[in-house]
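# Geometric and topological summary
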Amino acid sequence: AQSVTQLGSHVSVSEGALVLLRCNYSSSVPPYLFWYVQYPNQGLQLLLKYTSAATLVKGINGFEAEFKKSETSFHLTKPSAHMSDAAEYFCAVSDRGGATNKLIFGTGTLLAVQP
Amino acid sequence: KAGVTQTPRYLIKTRGQQVTLSCSPISGHRSVSWYQQTPGQGLQFLFEYFSETQRNKGNFPGRFSGRQFSNSRSEMNVSTLELGDSALYLCASSWTSGASTDTQYFGPGTRLTVL
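Structural notes, computed from the coordinates. For clarity, every value in this text was computed on a predicted model and none was experimentally measured.

This part is about the overall build of chain B. Helix and strand content of chain B: 0 helices and 11 strands. For chain B, the N- to C-terminal ordering of α and β elements is β-β-β-β-β-β-β-β-β-β-β. Expected size for 115 residues packed as a compact globule is a radius of gyration near 13 Å; at 13 Å, chain B falls within 12% of this value. The principal-axis extents of the C-alpha atoms in chain B amount to approximately 40 × 25 × 25 Å. Counting every position in chain B, which comprises 115 residues, the buried fraction comes to 50%. In chain B, of all internal contacts separated by at least 6 residues, the share reaching a separation of at least 24 is 55%. Charge centroids of chain B, computed over 11 positive and 6 negative side chains, lie 4 Å from each other.

Here we take up the layout of surface pockets. In this model, the largest pocket occupies a volume close to 300 Å³. Lining the largest pocket are 14 residues, and of these Lys102(A), Ile104(A), Leu43(B), Gln44(B) and Phe45(B) sit closest to its centre. Within the residue set of the lining of the largest pocket, elements represented by two or more residues are β10 (103–105) of chain A together with β5 (42–50) of chain B. No other element matches the 4 residues that β5(B) contributes to the lining of the largest pocket. Approximately 220 Å³ is the volume attributed to the second largest pocket. In this structure, the second largest pocket is lined by Gln38(A), Glu88(A), Phe90(A), Thr107(A), Gln37(B), Thr38(B), Pro39(B), Gly40(B), Gln41(B), Gly42(B), Leu88(B) and Arg111(B). Listing elements by their share of the lining of the second largest pocket, those giving two or more residues are β9 (87–94) of chain A together with β4 (31–38) of chain B. Split by residue class, the lining of the second largest pocket holds 3 nonpolar, 7 polar and 2 charged.

This brings us to the nonpolar core. Judged by nonpolar contacts, the single largest core of 25 residues is most densely connected at Leu33(A), Trp35(A), Leu47(A), Leu48(A), Phe74(A), Leu76(A) and Tyr89(A). Of all the secondary structure elements, the ones that give two or more residues to this core are β3 (19–26), β4 (32–38), β5 (44–50), β7 (64–68), β8 (73–78), β9 and β11 (109–114) of chain A.

In this chain, Thr7(B) is followed by Pro8(B) through a cis amide linkage whose omega measures -10 degrees. With respect to the helices and strands, the residue Pro8(B) is situated in the loop between β1 (5–7) and β2 (10–13). With phi around 60 degrees, Asn41(A) is a residue other than glycine that occupies positive phi space. Along the chain, Asn41(A) turns up in the loop between β4 and β5. Residue Asn41(A) is classed as exposed on the basis of its relative accessible area of 58%.

Turning our attention to the packing of aromatic side chains. By the definition in use, this model includes 14 aromatic pairs over all chains. Pairwise contacts between aromatic rings join Phe34(A), Tyr36(A), Phe90(A), Phe105(A), Tyr35(B), Phe45(B) and Phe106(B) into one cluster.

Let us look at the interface of chain A and chain B. Interfaces are often sized by the accessible area lost when the parts come together. Tallying the contact residues gives 18 residues for chain A and 25 residues for chain B. Together chain A and chain B conceal approximately 1700 Å² of surface at their shared face, both sides included; 48% is due to carbon and sulfur atoms. Applying the counting criterion to the chain A and chain B interface returns 0 salt bridges. Taken together, the residues of the side of chain A that touches chain B sort by class into 8 nonpolar, 8 polar and 2 charged.

Glancing now at the state of the cysteines. Formally, a disulfide is one covalent bond, and it connects the sulfur atom of one cysteine to the sulfur atom of another. By the definition in use, this model includes 2 disulfides over all chains. Across a sulfur-sulfur distance of 1.9 Å, Cys23(A) and Cys91(A) are joined as a disulfide pair. Its S-S torsion of approximately -60 degrees makes the covalent link between Cys23(A) and Cys91(A) left-handed. Of this pair, Cys23(A) sits in strand β3 while Cys91(A) sits in strand β9, and the two are 68 residues apart along the sequence. Relative accessible area serves as the criterion here: at 0%, Cys23(A) is assigned to the buried category. The side chain of Cys23(B) participates in a disulfide bridge whose partner is Cys91(B); the two sulfur atoms lie 1.7 Å from each other. Across the S-S bond of Cys23(B) and Cys91(B) the torsion is about -45 degrees, and the bridge reads as left-handed.

Rules behind the numbers
Numbers given for residues are sequential positions, taken from 1 along each chain in its written order. Lettering for chains starts from A, numbering for ligands starts from 1, and both go in the order in which the items are written. The predicted nature of this model means local features are confined to residues of pLDDT at least 70 and side-chain atom pairs, given and counted, to a pLDDT of 80 or more, with totals for whole chains, interfaces and linings taken over all residues. The side-chain values count all of the structure's non-hydrogen atoms but skip hydrogen atoms and water molecules. In this text, helices come from DSSP runs of H or I with a minimum length of four residues, and strands from runs of E with a minimum of two, each type numbered from the N-terminal end. When we talk radius of gyration, it's over C-alpha atoms, and the globule rule is simply 2.2 Å times the number of residues to the 0.38. Relative accessible area decides the class of each residue, using a 1.4 Å probe on protein chains only: under 20% of the type maximum gives buried, over 50% gives exposed, and in between gives partly exposed. Any pair of residues with heavy atoms lying within 4.5 Å of one another is described as a contacting pair. Counting rule applied: Lys, Arg positive; Asp, Glu negative; His and chain ends not counted. To locate a charge, the coordinates of NZ of Lys, CZ of Arg, CG of Asp or CD of Glu are taken. Lining residues are defined by having an atom within 4 Å of a point belonging to a cavity or pocket. Those points lie on a 1 Å grid over the protein atoms alone, cavities being sets where a 1.4 Å probe fits but cannot get out and pockets being open sets with protein on both sides within 12 Å along at least five of seven lines. Grid points are joined across faces, edges and corners, and a volume is the space filled by probe spheres set on the points. Think of it as three bins: nonpolar holds Ala, Val, Leu, Ile, Met, Phe, Trp, Tyr, Cys and Pro, charged holds Asp, Glu, Lys and Arg, and polar takes everything else, Gly as well. Among the buried residues, those of types Ala, Val, Leu, Ile, Met, Phe, Trp, Tyr and Cys that are joined through side-chain atoms within 4.5 Å form a nonpolar core. Under the pairing criterion, centres of Phe, Tyr and Trp rings, with the six-membered ring standing for Trp, must be within 6.5 Å; the plane angle then separates stacked pairs below 30 degrees from edge-to-face pairs above 60, leaving the rest tilted. By definition, the buried area sums, over both parts, the 1.4 Å-probe accessible area that each loses when the two are put together. We define a salt bridge as a side-chain nitrogen of Lys or Arg found within 4 Å of a carboxyl oxygen belonging to Asp or Glu. The disulfide criterion used throughout: a pair of cysteine sulfur atoms within 2.5 Å.

This is the structure we're talking about:
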C-alpha cells in the first residue's frame, strides 16, 4: 500500500531562512506525489506535484521539491521564508495508474516563521 | 471561475442525528472526492464520485454515504452521528479521475461539531 511519512510535526524557522519540510514515501511503483498547504480555516491548496516528468518540481510561492527515488524522498524547500508561509503543509501520494483520484496524506507539518 | 464551494461552512449537531453536506465542484469538473480531517487521524479519504458513479471508497462505516448528481454536485450524508464524527469535511474536484496531469482543487470545508 502507498504511504507517506512527514518527519517533524512542527518546524520553526526565522524569516529569510531556508525552509525544508521532509516527506518520504512508500510505494511499490513510481508514485505521483503532491505537496499541499493549508492556511487556518481554509481548504488545501496545491503547491506542486510530481508526475514523473522532471525530478525537480517548481511550485507556487517560490517552493520546490526534488524527487529522489534512491532515498524515496520528496522534500519541500524554499530558499527564504516569509511570514506569509506560516501554515500547515501536507505531503500526499496517489496510486499511479489507478482509476481514482484518491490521495493518501501524511500527518502534516506545521510551519512557524519567526520575525 | 468560481472555486469549489461547500455548504454549510459550519454545522452543529447532536449525537444520533443525521447530517447532509453539499459540495459544488468547479464548473466542468466531473470528479468529486471527500475527505475527513481530524486532529487525531489527519486527512482520510472518504469516497470519490465520477459521472454519478462511486469510483472508490475509504475505510469508513456504512453510516457515511454519498452521491453525485447529473450536474456533478455531490452530497455526503452521515447518519446516527457520533462524537468522533466531529471534523472538517473537505471536498475536492477535478476534470477527470485518475489522470496524473489533473489537479484536484479543494473547497474550504464544512466544520461539523457533534455534541
